[in-house]
Every structure is written in structure tokens, then in C-alpha cells.
Amino acid sequence: MQSLVFDNVFTRTLPVDPQSGSKRRQIRNALFSRVEPTPVSAPYLIHSSPHAAKLLGLSEADRTSENFLQVFAGNLQLPGMDAHATCYGGHQFGNWAGQLGDGRAINLGEVKTPKGHLMLQLKGAGETPYSRTADGLAVLRSSLREYVCSEAMFHLGVPTTRALSLIGTGEQVMRDMLYDGHPALEPGAVVCRVSSSFVRIGHFQMIAARQETDLLQTFTNFVIEHEFSAVAAAHKDPTERYLAWFEEVCQRTATLMVHWMRVGFVHGVMNTDNLSILGETIDYGPYGWLEGFDPDWTPNTTDAGQRRYRFGQQPAVAQWNLLQLANALYPLIQETEPLEKILGNYATAYEQKWQKMMANKLGLSTYDAVLTNRLLKLLTETETDMTLFFRHLADVRDPITDSVFLQDAYYAPEQIDLALRQQTERWLADYLQTAERQNQSHGARARLMNSTNPLYVPRNYIAQLAIDDAQQGDFKKLEQWMQVLERPYTWQEGMDQYAAKRPEWARNRTGCSQLSCSS
Ligand code: AMP
Ligand code: MG
């Protein structure tokens with residue numbers, strides 16, 4: 001652990017709340033409050049990521065050391081750390097919620113690495129000034145879900161915050177899992193997250209809402225210089241720089257949305273406080289992975305009525321969130337037109353990137369709108385596992401004899417009638433002809449598809465099985481699953497259970513297809 005060198009540019013440069021500690025308060029003219037993690041009684045290591053550790057220059061010996069356990073449980077601080085929680089606001093489900101802030105995330109410090117700085121952040125390490133009425137803690141089930149998905153996302157090639165460690169605290173935490181008046185004790189846990197920055201859209205919104213324009217300028221300049229050095233280097237004029245940066249944030253967000261649509265990820269709570277300014281997936285809560293392809297699906301029971309954050313709506317919600325960022329930045333720019341233009345570019349960029357991605361998913365060199373739209377409709381005709389469908393499609397070479405390969409993707413194959421079978425075969429015939437017309441050989445098509453369409457995604461029901469075991473102190477399944485998820489595009493012998501579609505018992509089991517925000 002001695003290899004960790006801290007250089008806390010964020011806390012050194014930006015204004016701090018003069019008060020420290022976790023007493024709840026509204027702050028003014030400051031970005032963060034100093035607050036220490038709450039020590040825990042009996043920490044135990046559940047898992048740590050060798051890949052995230054490597055980013056930080058931590059060795060195998062470090063990862064298994066007592067120091068590692070104590071530091072990332074929140075019991076011990078290393079020299080050079082500067083623990084703090086940051087202040088932000090946000091729109092929750094479309095409504096301005098005022099000050100939120102890191103209610104259970106404590107930044108430990110920024111580590112200097114050869115590839116740049118990385119902030120270490122504990123999630124679930126106790127109260128902060130921003131905990132509002134809650135306890136600042138996290139339970140094992142939600143922490144395991146965040147830990148697994150962060151690392152799985154990375155291996156899938158999707159921008160994300162990383163996860164270094166999953167540590168049980170040895171303490172019990174009270175949660176009403178379904179918000180139905182049945183609170184129960186659950187094992188507590190802490191995840192150490194890693195990212196260059198945990199700044200969200202909500203940070204800018206909060207400062208703008210308080211009309212602290214000087215601070216807005218200082219903070220925006222800081223974020224651009226510290227996190228977007230290419231933008232800073234390319235633009236000296238302040239207004240041009242702000243606009244170029246906003247454009248970059250929009251482009252990154254468009255890219256992120258295309259990735260989510262590619263792999264079938266539903267974030268579940270795309271509030272503006274849960275959107276990273278870096279374009280990374282952040283704050284894994286009641287997220288889910290599409291099983292049956294359904295643009296209207298959301299795993300979040302808290303959003304079941306409105307379904308604001310359903311799968312197919314995510315790109316539009318991201319644009320709405322970026323509009324809120326534009327509103328926050330307005331005082332720095334004083335003109336709406338350039339901001340509106342950039343927001344319009346977001347839509348165009350998203351569409352272009354999405355088309356390219358869909359062409360790749362189908363193994364085509366050029367996007368075909370009619371063919372793609374016919375398929376997206378076909379996938380909703382009968383419950384069809386999105387992940388398995390695209391994987392098996394890569395093996396289809398003949399529309400009639402090979403359509404059997406797709407059987408495994410259907411949740412109710414017995415319900416597929418003659419009309420649907422013929423419709424599928426007609427689509428397959430047209431699809432294979434299109435590939436041929438585009439000079440895509442079967443081999444080239446399959447290679448492109450199998451590097452675009454993952455085989456192993458962190459399916460909700462598998463997470464639940466890993467949680468069931470982990471709650472009994474058995475981490476073997478988690479360990480094996482984490483290894484499989486390191487190579488999501490490569491079939492791995494003996495690991496078919498991690499690619500299998502949702503079994504019937506999981507259809508309505510809590511934690512498998514339905515999750516609340518309680519975590
Ligand atoms: P989320 O919906 O999880 O993004 O959280 C919204 C706000 O509530 C943020 O300020 C969180 O830090 C805070 N929060 C969520 N869960 C807790 C908790 N258990 N204790 C304290 N604050 C929390
Ligand atoms: Mg959040």
C-alpha cells in the first residue's frame with residue numbers, strides 16, 4: 001500500500017465547507033465537506049478486483065493485506081488521504097430536489113498513477129452532511145450488485161466507474177427492501193469505487209441554483225483543466241472553451257447511451273445526480289439487464305408507474321439531463337443558441353453512433369434501416385432473450401435450416417405459431433441476403449457480431465444467486481462469476497450456466513426482475 005501516492009488536487013484547489021463532520025447542513029460557496037468514514041466492527045474481504053488494483057499499482061500482496069482490508073473498510077486512513085464528501089443537487093424523476101450530495105460516498109483521496117489521477121471513494125462508509133434522513137450505509141446485496149456490474153461493464157468495453165473492493169462490515173443494517181413496511185436487518189458492506197472523477201451533472205446544477213456564479217466559473221474551469229485536458233489545450237477563449245467542453249460531455253454521453261443500448265443495460269435511476277460528467281456509468285442501484293427484449297422494461301419498482309427510465313427511453317432522458325446541464329452553464333455563456341445547437345448535435349450524434357452500433361450487432365458493414373426496424377419489431381413478438389438472440393444469430397447461415405439455433409433465445413418456444421416462424425424465416429432470408437450484398441462473408445459477419453454482442457452479461461438472477469451464497473458466507477460463486485465476466489465475448493468451457501436465460505423461478509422473484517431503490 002506504500003505505492004499509493006496521494007495528490008489531492010480537488011480538495012486543495014476548490015473551496016471547502018468551513019465546518020467538518022457529518023452534522024446535516026446546507027452548505028454555501030463550497031464544493032465539499034471534510035468527513036471521515038465511520039469505523040466498522042468486523043470487516044471481512046468478500047472480493048477485490050485484480051484489474052482495478054493494477055490501475056492503482058497495487059500488488060497481489062497489497063490486495064490480500066490486513067492494511068487493505070482496514071483502509072477500504074473505512075477503519076484506517078493512509079498518510080496523504082483527505083477524506084471528504086461532495087455537494088451536489090439534482091432532478092429526481094424529473095423534479096428538482098435541491099441539495100443531495102454524497103450521502104453515503106466518502107472520497108478518500110486522489111492517487112497519482114502513470115496514466116493520471118484516480119479518486120478512491122468508499123460507498124456505504126457512514127454518515128456525511130448530505131445523508132439527509134438516511135444512515136450512510138449500504139447492504140451486501142446492493143454492494144455486490146454494484147461491485148460486479150462495475151467491473152463487468154469495464155470488461156464489456158462500456159465506460160464506467162470501477163470497483164476495487166467489496167468488504168463486509170460485520171454489522172447489520174436495517175432496510176425495508178420493498179418499501180412495504182417490513183424492515184429487516186441485513187449484512188452491511190462497503191465498496192471502494194475508483195474513477196478519475198465522481199463529478200455529476202448535479203454538481204453544476206447545485207452551484208447554479210444557488211446563483212454562485214463565481215464558484216460556477218471556478219469549478220467549471222477546474223473540471224475542464226483537470227478532467228478534459230485536451231479541451232483545455234485546444235481552446236483558450238473562455239466561452240469557446242465552455243462550449244467545446246459541453247459538446248464533449250454531450251458526445252461522451254451519446255456514446256455511453258449507445259453502449260447501454262448495445263448490451264441491454266437499464267440504469268434504472270437516471271436522475272441528473274446519477275449522470276457522470278465524464279460519460280461513465282455511475283451509481284449502480286436498481287439497474288437491470290434486458291432478458292426478453294422490451295424497450296418499455298425497467299427493473300426499478302419505484303419507477304413502475306411512470307417508467308421514466310425504461311430501456312428505450314434512456315437516450316432521450318440523457319438528452320433531457322444534458323439540457324439541465326446547459327441550463328446550469330447558462331450564466332457562463334449568456335446565450336442560449338449555441339447551447340441549443342450542441343444539444344441538437346447530441347441527437348444527431350446519438351443516431352449516427354446507434355446506427356453504426358446496430359450494423360455491428362448484425363455483422364453488417366452498412367446500417368440498413370428497414371431490416372433493423374423489422375428485427376426490433378420481431379424481437380417483441382414473442383419474449384426473446386436479447387443477449388442470446390444476437391449471439392445465436394451469428395451462427396445462422398441458412399434461413400430455414402438454421403433458424404433452430406435461435407430456439408434457445410425464446411422464453412416460450414411452444415407459443416411460436418406458424419405465422420411468426422415464417423415471419424422470422426423471411427427476415428433471416430432478407431438479412432443473409434443483405435450481408436451477401438454487402439460482401440460480408442459468414443466468417444467476417446460472425447467475428448464482428450461476436451465482438452459486439454456479449455455472451456456473458458451480469459444477469460439479474462445470477463446476481464441474486466451470488467448474493468444468496470454471499471449472505472451465507474460463501475463467495476465461490478461470486479469468484480467464478482467475476483472470472484467469467486472478464487471475457488464476456490468469449491465462450492468459456494463449462495460456464496454455460498452464466499450465459500443461460502432467466503429460469504422460470506426468477507421471473508417474479510424480488511432482486512431478479514424487480515428491484516427497489518432500497519440499498
Ligand atoms: P441515489 O438515489 O442512490 O442516487 O441517492 C440519492 C441521494 O440520497 C444521494 O444524495 C445519496 O447519497 C443519498 N443516499 C442514498 N442512500 C443513502 C443512504 N443509505 N444513506 C445516506 N444517504 C443516502
Ligand atoms: Mg446516486
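Residues numbered from 1 in each chain as written. Chains lettered and ligands numbered in written order. Predicted model: local features only at pLDDT ≥ 70, side-chain atom pairs only at ≥ 80, totals over all residues. Heavy atoms only, no water.

### What about the packing of aromatic side chains?
As a reminder of what qualifies: The pairing test for Phe, Tyr and Trp rings, Trp by its six-membered ring, is centres within 6.5 Å, and the orientation test on the planes gives stacked under 30 degrees, edge-to-face over 60, and tilted for anything in between. We count a stretch as a helix when DSSP gives it H or I for four or more residues in a row; a strand needs E for two or more, and each element gets its number in order from the N terminus. Here the term buried applies to any residue with accessible area under 20% of the maximum for its type, exposed to any over 50%, and partly exposed to those in between, with areas from a 1.4 Å probe on protein chains only. Two thresholds decide whether a charge sits over a ring: the Lys NZ or Arg CZ must be within 6 Å of the ring centre and within 35 degrees of the ring normal.
Inspection of the entire model under this criterion finds 19 aromatic pairs. Ring centres of Trp 354 and Tyr 367 lie 6.0 Å apart, and the angle between their planes is 70°; on these two criteria the pair is classed as edge-to-face. Here the residue Trp 354 occupies a position in helix H11 (residues 337–361), and Tyr 367 occupies one in the loop between H11 and helix H12 (369–378), the gap between them amounting to 13 residues. Grouping residues by exposure puts Trp 354 and Tyr 367 together as buried. One aromatic cluster in this structure is built from Trp 260, Phe 265, Tyr 284, Tyr 287 and Trp 289. The ring of Trp 320 is capped by Arg 308, whose NZ or CZ atom sits 4.7 Å from the centre of that ring. If you follow Lys 501 out to its NZ or CZ, it ends over the ring of Tyr 411, 5.9 Å from the centre.

### Some words on the packing of helix H5 (residues 140–156) against helix H17 (residues 476–484)
Just so we agree on the cut-off: Angles run from 0 to 180 degrees between N-to-C directions of axes, and those axes are lines fitted to C-alpha atoms, restricted for helices to the stretch in contact. For classification purposes, angles smaller than 35 degrees are called roughly parallel, those larger than 145 roughly antiparallel, those between 65 and 115 roughly perpendicular, and all remaining angles oblique. Put simply, a crossing is left-handed when the front helix is turned counterclockwise from the back one by less than a right angle, and right-handed when it is turned clockwise. Residue contacts are defined here by distance: any two heavy atoms, one from each residue, within 4.5 Å place the two residues in contact. Think of it as three bins: nonpolar holds Ala, Val, Leu, Ile, Met, Phe, Trp, Tyr, Cys and Pro, charged holds Asp, Glu, Lys and Arg, and polar takes everything else, Gly as well.
The contact between H5 and H17 brings their axes to 10 Å, and the two run at 20°. If you check the angle between H5 and H17, you find them roughly parallel. As for how H5 packs across H17, the hand of that crossing is right-handed. Each of Leu 144, Tyr 147, Val 148 and Glu 151 in H5 lies in contact with H17, whose residues at this interface are Leu 478, Trp 481 and Met 482. Of the residues assigned to the contact of H5 with H17, the class counts are six nonpolar, no polar and one charged.

### Topic: the coordination of the magnesium ion (ligand 2)
Defined as follows: Sites may look incomplete, because water is not among the atoms used; the donor set itself consists of N, O and S atoms within 2.8 Å of the metal (3.2 Å for Na, K and Ca).
For the magnesium ion (ligand 2), the full set of protein donor atoms is Asn 274 (OD1) and Asp 283 (OD), at a range of 2.1 to 2.2 Å. A relative accessible area of 12% places Asp 283 in the buried class.

### A closer look at the site of ligand 1
Under the convention used in this document: We define proximity as follows: a residue is near a molecule or strand when any one of its heavy atoms falls within 4 Å of that partner. Pairs of N or O atoms within 3.5 Å make up the polar contacts considered here, provided that, within protein, one atom can donate a hydrogen while the other can accept it, and that residues adjacent in sequence are counted only when both atoms are side-chain atoms. Here the Shrake-Rupley method, with its probe set to 1.4 Å, supplies the accessible areas, and only the displayed protein chains count as covering residues. An automatic or database domain assignment provides the domain bounds reported here.
Every one of the 17 residues lining ligand 1 counts as a neighbour, but Gly 101, Gly 103, Arg 132, Gly 136 and Asn 274 are closest to it. Between an oxygen atom of ligand 1 and a main-chain N or O atom of Gly 101, the distance comes to 2.5 Å. Considered on its own, ligand 1 offers 480 Å² of accessible surface; in the complex 82% of this is hidden by protein. Its residues assigned to classes, the shell around ligand 1 shows four nonpolar, six polar and seven charged. Built from parts of two domains, the shell around ligand 1 gets at least three residues from each of domain 1 (9–198) and domain 2 (202–360).

### Examining unusual backbone geometry
Of note, the phi angle at Asn 29 is positive, near 50°, even though the residue is not glycine. Take Asn 29: it is sitting in the loop between helix H1 (9–13) and strand E1 (32–34). Classification of Asn 29 as partly exposed rests on a relative accessible area of 48%. Phi at Asp 283 takes a positive value of approximately 60°, unusual for a residue other than glycine. Within the secondary structure, Asp 283 is located in the loop between strand E10 (265–266) and strand E11 (288–289).

### Focus: the domain arrangement of the protein
Here is the rule: Buried area: the accessible area, evaluated with a 1.4 Å probe, that two parts lose upon being put together, summed over both parts. Whenever a carboxyl oxygen of Asp or Glu lies within 4 Å of a side-chain nitrogen of Lys or Arg, that contact is scored as a salt bridge.
Here the domain parsing of the protein yields domain 1 (9–198), domain 2 (202–360) and domain 3 (364–459 + 475–519). The interface of domain 1 with domain 3 comprises 26 residues on the first partner and 19 residues on the second. Of the roughly 1,800 Å² buried where domain 1 meets domain 3, counting both sides, 68% is carbon and sulfur surface. Summed over the shared surface of domain 1 and domain 3, the result is zero salt bridges. Inspection of the region where domain 1 meets domain 3 yields nine residue pairs in polar contact (both at pLDDT 80 or more). No other element matches H5, which puts eleven residues into the side of domain 1 that touches domain 3. Each residue belonging to the side of domain 1 that touches domain 3 can be placed in one class, and the counts come to 16 nonpolar, four polar and six charged.

### Considering the pattern of salt bridges
A complete count under the given rule lists 26 salt bridges for this structure. Measuring nitrogen to oxygen at the nearest pair gives 3.7 Å for the salt bridge that ties Asp 408 to Lys 501. Taken together, the residues Asp 408 in the loop between helix H13 (386–393) and helix H14 (418–437) and Lys 501 in the segment after H17 connect sequence positions 93 residues apart. Take Asp 408: its relative accessible area is 37%, and that puts it in the partly exposed class. For Glu 425, the salt bridge is made with Arg 421, and the minimal N-O distance between the two is 3.8 Å.

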